[in-house]
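These are the residues of each chain, in order.
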Amino acid sequence: MPAASLQEGDTFSLVSNDSPLTILTRRRHLQPLWLLDLEGHDSSITLRDDEPIRPLRMLRAFDLTCQLCTRTARRVLDLPVHGIPQTWVCDQH
């Protein structure tokens, strides 16, 4: 997964290192670079948009529509665990 998909609060590791890193703040440094402040680290790191990372925790909210009754609900999913939802059926079906 490319570093451009990271957001504040995400936890990831670099491909060359298995240590988990949690993002406190993320800001554009110079195109195509991101400056990341990390939990437990005194200095920031810089990542390119296309730099490969290993996602460990990436919570994202999705508005999902039931495929049977068209009811809509917001669900928070962890992308490395659940992936991006393609379909959904609500609890009433």
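Above this note sits the structure.
Residues numbered from 1 in each chain as written. Predicted model: local features only at pLDDT ≥ 70, side-chain atom pairs only at ≥ 80, totals over all residues. Heavy atoms only, no water.

**What to know about the pairing of strand S2 (residues 21-30)**
Link 1 in the chain: Direction of pairing for strand S1 (residues 11-14) relative to S2: antiparallel, over a ladder of 2 bridges. Opposite Thr11, over in S2, you have Thr22 as the bridge partner.
Link 2 in the chain: Between S1 and the antiparallel strand that follows it, S2, lie 6 residues.
Link 3 in the chain: Sheet topology note: the S2/strand S3 (residues 33-38) ladder contains 6 bridges and is antiparallel. The residue bridging Leu30 from the neighbouring strand is Leu33, located in S3.
Link 4 in the chain: The turn linking S2 back onto S3 is made up of 2 residues. (Pairing = 2+ DSSP bridges. Helix = DSSP H or I, 4+ residues; strand = E, 2+ residues; numbered from the N terminus.)

**Brief notes about the sheet that holds S1**
Link 1 in the chain: The antiparallel open sheet is built from 5 strands, whose spatial order is S4-S3-S2-S1-S5. Since the sheet does not close on itself, it has two edges, and those belong to strand S4 (45-48) and strand S5 (53-57), each with one partner. Ignoring which end each strand starts from, the neighbouring axes of this sheet average 40° apart. (Axes fitted to C-alpha atoms, helices over the stretch in contact; angles between N-to-C directions.)

**Remarks on the pattern of salt bridges**
Link 1 in the chain: Going through the model one piece at a time under the given rule, you end up with 7 salt bridges.
Link 2 in the chain: Residues Asp50 and Arg48 are paired through a salt bridge, measuring 3.1 Å at the closest nitrogen-oxygen approach.
Link 3 in the chain: A salt bridge links Arg48 to Glu51; the shortest N-O distance between them is 3.8 Å.
Link 4 in the chain: If you follow the salt bridges from partner to partner, you end up with Arg48, Asp50 and Glu51 in one network. (Salt bridge = Lys/Arg side-chain N within 4 Å of Asp/Glu carboxyl O.)

**Digging into the packing of aromatic side chains**
Link 1 in the chain: What the rule picks out here adds up to 0 aromatic pairs.
Link 2 in the chain: Taking the ring centre of Trp34 as reference, the NZ or CZ of Arg26 above it sits at 3.5 Å.
Link 3 in the chain: Seen from the ring of Trp34, Arg28 lies directly overhead, with NZ or CZ sitting 3.9 Å from the centre. (Phe/Tyr/Trp six-rings, centres within 6.5 Å; stacked < 30°, edge-to-face > 60°. Lys NZ or Arg CZ within 6 Å of the ring centre and 35° of its normal.)

**Here we look at the state of the cysteines**
Link 1 in the chain: All told, the structure shown has 0 disulfides when counted by the stated rule.
Link 2 in the chain: Distance from the sulfur of Cys66, which forms no disulfide, to the nearest cysteine sulfur (Cys90) is 3.7 Å.
Link 3 in the chain: Looking at Cys66, the relative accessible area reads 2%, which means it is buried. (Disulfide = S-S within 2.5 Å. Buried < 20%, exposed > 50% of the residue type's maximum accessible area, 1.4 Å probe, protein only.)

**What to know about the nonpolar core**
Side chains of nonpolar character tend, in soluble globular proteins, to be buried together.
Link 1 in the chain: Ranked by size, the top nonpolar core spans 19 residues in total, and within it Leu6, Phe12, Leu36 and Leu47 carry the most contacts.
Link 2 in the chain: Ranked by residues supplied to this core, first place goes to S3 with 3 residues.
Link 3 in the chain: When sequence neighbours within four positions are dropped, the list of residues in contact with Leu6 reads Phe12, Ile23, Arg26, Leu47, Ile53, Met58 and Arg60. (Core = buried A, V, L, I, M, F, W, Y, C linked by side-chain atoms within 4.5 Å. Contact = heavy atoms within 4.5 Å.)

These values are about where atoms sit, not about what they do.
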